Amino acid sequence: MRDINKMELHLHLEGAAPPAFIRRLAAEQSTDLSGIFAEDGGYAFSGFNHFLTVYEAATSVLKTPEHFARLTRAVLEESASHGVIYTEAFLSPDFCGGGDVAAWRDYLAAIEEAAQAAERDFGIVMRGIVTCIRHFGPDRARPAAICAAETHGDFLRGFGIAGDEMMGRPRDFLWAFDCAREAGLHLTAHAGEWGGARSVREAVEDLRVSRIGHGVHAVDDPALVETLAELGVVLEVCPGSNVALGVYPRWPAHPIVRLRDAGVKVTVSTDDPPFFRTTMTAEYENLNRSFGWDETDFAALAETALEAAFCDDATRQALAKRLKET
Ligand code: ADE
Ligand code: ZN
């Protein structure tokens, strides 16, 4: 499973920070983060809201562009060791300069430079998606969207929204999404992870996104499932994340098969791998163990991700060649 070439569309850069990396930064800054770690050294949290608190505590020691450059390299080296040849990472101006465009440019330049070095050294291609954070509210989403619009290019490809889906409604973030769309960015939104099918419907109808982060609760509404299939909306499904956070109690209860069999385009990602003690290899192993998915299914997953990737077409063609090699 490890050697299969994989495509990942949904990875939070800070959420992929190895716990040892965060512990070291905390020690360098004499910051006590002992409360966020379990005895075995991994992250410790109980439930989604506590996860968000722990996530933001871990992120608090990522303070400079150089920290983010080091993080980018560590994350990409780890992903590449699991056969990932392409990853789209969520980047947050809220954690990188607080929404100030000049500061954001410095962070993004450091991240992009580290990504280019990782592509040379580990053979993995990375592209960025700016994400605003729902529980920080629409007023902070606007500067995040402006940061995205100002830096849209070959590397920074999309705009999205993460965070606590139960706060506010998609339409509260219309200004930010319209701003990003007008700048030519591709759009995705976390929805249907904690919110129900209505949350997914509103993200598609109001924010006009082409992809949905998670989206799994769409399965509860057959009419919506049909609409997603008809429109070709792509779901960035993160089953290991869903099981770790208790969205579904066990892998066999996960609806990815039902969604796929109903004609919805599904891809698979890790979300925040060390938090959820997963990797892309583990995701594939669990898909095989729980649902019998094999090379044909994995090739279809990669093909869907390739089509849905926010990269330019030259990058897509180069990736297509590499996928044929496995
Ligand atoms: N930010 C990082 N991981 C997330 C998740 N699973 N849901 C919402 N926001 C997130
Ligand atoms: Zn996510």
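Coordinates for the structure precede this section.
Since the model is a prediction, treat every value here as computed from it, not as a measurement.

Thresholds applied
- Residues numbered from 1 in each chain as written.
- Chains lettered and ligands numbered in written order.
- Predicted model: local features only at pLDDT ≥ 70, side-chain atom pairs only at ≥ 80, totals over all residues.
- Heavy atoms only, no water.
- Donors = N, O, S within 2.8 Å, 3.2 Å for Na, K, Ca; no water.
- Helix = DSSP H or I, 4+ residues; strand = E, 2+ residues; numbered from the N terminus.
- Buried < 20%, exposed > 50% of the residue type's maximum accessible area, 1.4 Å probe, protein only.
- Lys, Arg positive; Asp, Glu negative; His and termini not counted.
- Salt bridge = Lys/Arg side-chain N within 4 Å of Asp/Glu carboxyl O.
- Polar contact = N/O pair within 3.5 Å; in protein donor to acceptor, adjacent residues only side chain to side chain.
- Contact = heavy atoms within 4.5 Å.
- Disulfide = S-S within 2.5 Å.
- Pairing = 2+ DSSP bridges.
- Axes fitted to C-alpha atoms, helices over the stretch in contact; angles between N-to-C directions.
- Parallel < 35°, antiparallel > 145°, perpendicular 65-115°, else oblique.
- Left-handed = near helix turned anticlockwise from the far one by under 90°.
- Nonpolar A, V, L, I, M, F, W, Y, C, P; charged D, E, K, R; others polar.
- Core = buried A, V, L, I, M, F, W, Y, C linked by side-chain atoms within 4.5 Å.
- Near = heavy atom within 4 Å.
- Areas by Shrake-Rupley, 256 points an atom, 1.4 Å probe, with all protein chains shown as cover.
- Expected span 1.5 Å × (residues − 1).

K.L.:
How should the coordination of the zinc ion (ligand 2) be read in this particular structure?
P.N.:
In an ideal tetrahedron of four donors about a metal, each angle is 109.5 degrees. In an ideal octahedron of six donors, the angles are 90 or 180 degrees. Within the protein, the zinc ion (ligand 2) binds to His 10 (NE2), His 12 (NE2), His 190 (NE2) and Asp 271 (OD); these donor distances fall in the range 2.1 to 2.2 Å. Every donor residue of the zinc ion (ligand 2) comes from the same chain, spaced as H-x1-H-x177-H-x80-D. Of this pair, His 12 sits in strand β1 (residues 6-12) while His 190 sits in strand β5 (residues 186-191); the two residues are 178 residues apart in sequence, bridging distant segments of the chain. Judged by its relative accessible area of 7%, His 12 is buried. Exposure remark for His 190: the relative accessible area of 8% places this residue in the buried category.

K.L.:
Quick question: what am I supposed to make of the side chain of Asp 271 here?
P.N.:
By secondary structure assignment, the location of Asp 271 is in the loop between β8 (265-268) and α11 (280-291). Despite its burial, Asp 271 pairs with no opposite charge, the nearest such side chain being Arg 211 at 11 Å. There is a polar contact of 2.9 Å between the side chain of Asp 271 and the side chain of Ser 241. Non-local contacts of Asp 271, meaning those with residues more than four positions away in its chain, are made with Glu 8, His 10, Leu 11, His 12, His 190, Glu 193, His 214, Cys 238, Ser 241 and Phe 276.

K.L.:
For this particular structure, what's the right way to read the state of the cysteines?
P.N.:
Note: disulfide means a covalent bond formed between the sulfur atoms of two cysteine side chains. Taken as a whole and assessed by the stated rule, the structure comprises 0 disulfides. Cys 96 forms no disulfide, and the closest cysteine sulfur to it belongs to Cys 147, at a distance of 9.4 Å. A disulfide-free cysteine, Cys 311 has its sulfur positioned 18 Å from the sulfur of Cys 238, the nearest such atom. Its relative accessible area of 2% is what places Cys 311 among the buried residues.

K.L.:
Quick question: what am I supposed to make of the sheet that holds β8 here?
P.N.:
Backbone hydrogen bonds are what pair the strands of a sheet, in a parallel or an antiparallel way. Taken in spatial order, the 8 strands line up as β1-β2-β3-β4-β5-β6-β7-β8 in an open sheet, and their pairing is parallel. A single partner strand is all that each edge strand has here, and the edge strands are β1 and β8. Taken over all neighbouring pairs, the strand axes of this sheet differ in orientation by 25° on average, direction set aside. Bridge count for β5 against strand β6 (residues 211-214) is 4 bridges, and the pairing is parallel. Note that in β6 the partner of Ala 191 across the bridge is His 214. Across the sheet, α11 touches β1, β2 (84-91) and β8, and the angle it forms with β1 is around 115°.

K.L.:
What is the right way to look at the packing of helix α3 (residues 65-80) against helix α4 (residues 101-122) in this model?
P.N.:
The N-to-C vectors of α3 and α4 enclose an angle of 30°; their axes lie 8 Å apart at closest approach. With respect to α4, the axis of α3 lies roughly parallel. Crossing of α3 against α4: the hand is right-handed. Side by side, α3 and α4 meet where Pro 65, Phe 68, Ala 69, Thr 72, Arg 73, Leu 76, Glu 77 and Ala 80 of the first sit next to Asp 106, Tyr 107, Ala 110, Ile 111, Ala 114, Ala 115, Ala 117, Ala 118, Asp 121 and Phe 122 of the second. Residues of the contact of α3 with α4, tallied by class, amount to 13 nonpolar, 1 polar and 4 charged.

K.L.:
What should I look at first to understand the nonpolar core in this one?
P.N.:
The biggest cluster of nonpolar side chains holds 93 residues, and the ones touching the most others in it are Ile 22, Leu 91 and Phe 159. Once you skip the residues sitting within four places of it in the chain, Ile 22 turns out to touch Ala 17, Leu 33, Phe 37, Tyr 43, Ala 58, Val 61 and Leu 62. Listed in part, the 14 residues of the second largest apolar core include Met 7, Ile 85, Leu 306 and Ala 308.

K.L.:
Is there a simple way to think about the site of ligand 1 in this case?
P.N.:
The immediate surroundings of ligand 1 are formed by His 12, Phe 48, Phe 51, Tyr 55, Ala 162, Gly 163, His 190, Glu 193, His 214, Asp 271 and Asp 272. Between ligand 1 and the protein, one listed contact pairs a nitrogen atom with a backbone N or O atom of Gly 163 at 2.9 Å. In the environment of ligand 1, a nitrogen atom lies 2.7 Å from a nitrogen or oxygen atom belonging to the side chain of Asp 271. Here ligand 1 has 260 Å² of accessible area as a free molecule, and 97% of this is covered by the chains. Per-element tally for the shell around ligand 1: the top contributor is helix α2 (residues 48-59), with 3 residues.

K.L.:
I would appreciate a short explanation of helix α12 (residues 295-308) in the present structure.
P.N.:
Along an α-helix, residues three or four apart share an orientation, since each turn contains 3.6 residues. Helix length check: α12, at 14 residues, gives a terminal C-alpha distance of 20 Å against a target of 20 Å (1.5 Å per residue), a fit within 8%. Within the sequence span of α12, burial applies to Asp 297, Phe 298, Leu 301, Ala 302, Thr 304, Ala 305, Leu 306 and Ala 308.

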